[in-house]
Amino acid sequence: MRIPFIAGNWKMFKTKMEALEFADEFKKLYGDTDVKTAICAPFTALETLVEAFRDTNIGVGAQNVHFEEEGAFTGEISVSMLKEIGVDYCIVGHSERREYFGETDETVNLKLKKLLRDSDIIPILCVGENLAQREAGKEQDIVINQLTADFAGLTHEEAAKVVIAYEPIWAIGTGKTATPEQAEEMCALIRNTVEKLYDEDTCDKVIIQYGGSVKPENATEIMNMDEIDGALVGGASLIPSKFIEIINF
Ligand code: 13P
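Being a predicted model, the structure only gives us computed values, none of them experimental. (Residues numbered from 1 in each chain as written. Predicted model: local features only at pLDDT ≥ 70, side-chain atom pairs only at ≥ 80, totals over all residues. Heavy atoms only, no water.)

Colleague: How do you make sense of the overall build of the chain when you look at a structure like this?
Modeller: In terms of regular secondary structure, the chain is built from twelve helices and eight strands. A total accessible area of about 11,600 Å² is found for the chain, and carbon and sulfur atoms account for 50% of it. The average position of the 24 basic charges and that of the 44 acidic charges among the side chains of the chain differ by 2 Å. (Helix = DSSP H or I, 4+ residues; strand = E, 2+ residues; numbered from the N terminus. Areas by Shrake-Rupley, 256 points an atom, 1.4 Å probe, with all protein chains shown as cover. Lys, Arg positive; Asp, Glu negative; His and termini not counted. Charge placed at Lys NZ, Arg CZ, Asp CG, Glu CD.)

Structural data, given as structure tokens:
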């Protein structure tokens, strides 16, 4: 049985102080829920959030990590550094990192291996097509190719731990959501691809999220789809009352 998992991706929003204010308000609103929750915040707010959520089951995630243990990589953060702070999750291969910061399937693959082999931090792997690729009818090929390259060399046990977020780039921050049917079709394709790369047992375990303009108004119909186990929420995760509404879909 897969437990629903709804994570926020704050992107480059919120200082430490703002993160603390969010956490105080969010904890007050956070009731009993069977949904797993996490906030993926900027590096500078991670320690503050781990501390603020210590006595709760709200997880904390980073948005990126480097694949080397240590070295001359100015501006980068290692898996050991995240481990020491106590983060639970790390987003890998978000489309904004692929588009603006040169992230490739090769570096995504190295990051997944590093996280899975040297820590208990759960990777949240983002895949998805852009508008031109969707309009050309290439979305399935794009996502299959991304998954195949990103998972290269991972064992069955490692693959089963990865959370996969299907994020069509044309639906991110645009207010344009994929229809629940479009999202379901792609999440089913992702599960099917994991089955082909591994086996039925592995694909049954993998948590698949949808991401792209998820908000309180559309969370229920998205979360009710069979192959969608959760959501990766950008803008709406910045406001405690909105994010809570999504969690209580
Ligand atoms: P929005 O929810 O703001 O569209 O962002 C989605 C996203 O990129 C989550 O990683």
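Colleague: Please clarify how the site of the ligand should be interpreted in this entry.
Modeller: The immediate surroundings of the ligand are formed by Asn9, Lys11, His94, Glu167, Ala171, Ile172, Gly173, Gly212, Ser213, Leu232, Gly234 and Gly235. Within the backbone of Ser213, one N or O atom sits 2.8 Å away from an oxygen atom of the ligand. When the free accessible area of the ligand is taken as 310 Å², the share hidden by the protein chains comes to 94%. For the shell around the ligand, the per-class residue count stands at three nonpolar, seven polar and two charged. (Near = heavy atom within 4 Å. Polar contact = N/O pair within 3.5 Å; in protein donor to acceptor, adjacent residues only side chain to side chain. Nonpolar A, V, L, I, M, F, W, Y, C, P; charged D, E, K, R; others polar.)

Colleague: Even after reading the chapter, I still don't get the nonpolar core, so can you show me in this structure?
Modeller: Side chains of a nonpolar character, in soluble globular proteins, are inclined to be buried together. Ile6, Phe26, Leu49, Phe151, Ile164 and Tyr210 are the most contacted members of the largest nonpolar core, which totals 68 residues. At six residues, helix α9 (residues 180-197) tops the list of elements feeding residues into this core. Every residue in contact with Ile164, bar those within four places of it in the chain, is listed here: Leu125, Val127, Leu147, Phe151, Ile190, Val194, Val206, Ile207, Ile208 and Gln209. (Core = buried A, V, L, I, M, F, W, Y, C linked by side-chain atoms within 4.5 Å. Buried < 20%, exposed > 50% of the residue type's maximum accessible area, 1.4 Å probe, protein only. Contact = heavy atoms within 4.5 Å.)

Colleague: I tried to follow the packing of helix α1 (residues 16-29) against helix α12 (residues 240-247) on my own but got confused; where do I start?
Modeller: Packed helix pairs are specified by the crossing angle of their axes together with the interaxial distance, meaning the distance between the axes. Orientation of α1 relative to α12, taken along the N-to-C sense of each, is 40°, at an axis distance of 9 Å. It follows that α1 is oblique to α12 by the angle criterion. As for the relative orientation of α1 and α12, their crossing is right-handed in sense. Across from Phe22, Glu25, Phe26 and Leu29 in α1, the residues of α12 making contact are Pro240, Ser241, Phe243, Ile244 and Ile247. Partitioned by chemical class, the residues of the contact of α1 with α12 number seven nonpolar, one polar and one charged. (Axes fitted to C-alpha atoms, helices over the stretch in contact; angles between N-to-C directions. Parallel < 35°, antiparallel > 145°, perpendicular 65-115°, else oblique. Left-handed = near helix turned anticlockwise from the far one by under 90°.)

Colleague: What's the story with the packing of aromatic side chains in this structure? I'm lost.
Modeller: The relation between two aromatic rings is expressed through the spacing of the ring centres and the mutual angle of the planes. Counted under the stated rule, the structure contains nine aromatic pairs. Look at Tyr100 and Phe101: their rings are 6.4 Å apart centre to centre, the planes differ by 85°, and that puts the pair in the edge-to-face class. Residue Tyr100 is classed as exposed on the basis of its relative accessible area of 55%. When its relative accessible area of 55% is taken as the criterion, Phe101 is described as exposed. One residue, Lys14, lies across the ring of Trp10, its end atom 5.4 Å from the ring centre. (Phe/Tyr/Trp six-rings, centres within 6.5 Å; stacked < 30°, edge-to-face > 60°. Lys NZ or Arg CZ within 6 Å of the ring centre and 35° of its normal.)

Colleague: Mind showing me how you'd approach the environment of Ala23 here?
Modeller: Within the element layout of this structure, Ala23 appears in helix α1. In this structure Ala23 comes out as buried when scored by relative accessible area, which is 0%. Once the C-alpha coordinates of Ala23 and Asp226 are considered, the two residues, 203 residues apart in sequence, prove to be 31 Å apart. For Ala23, the contacting residues outside a window of four places in its chain are Leu49, Ala52 and Phe53.

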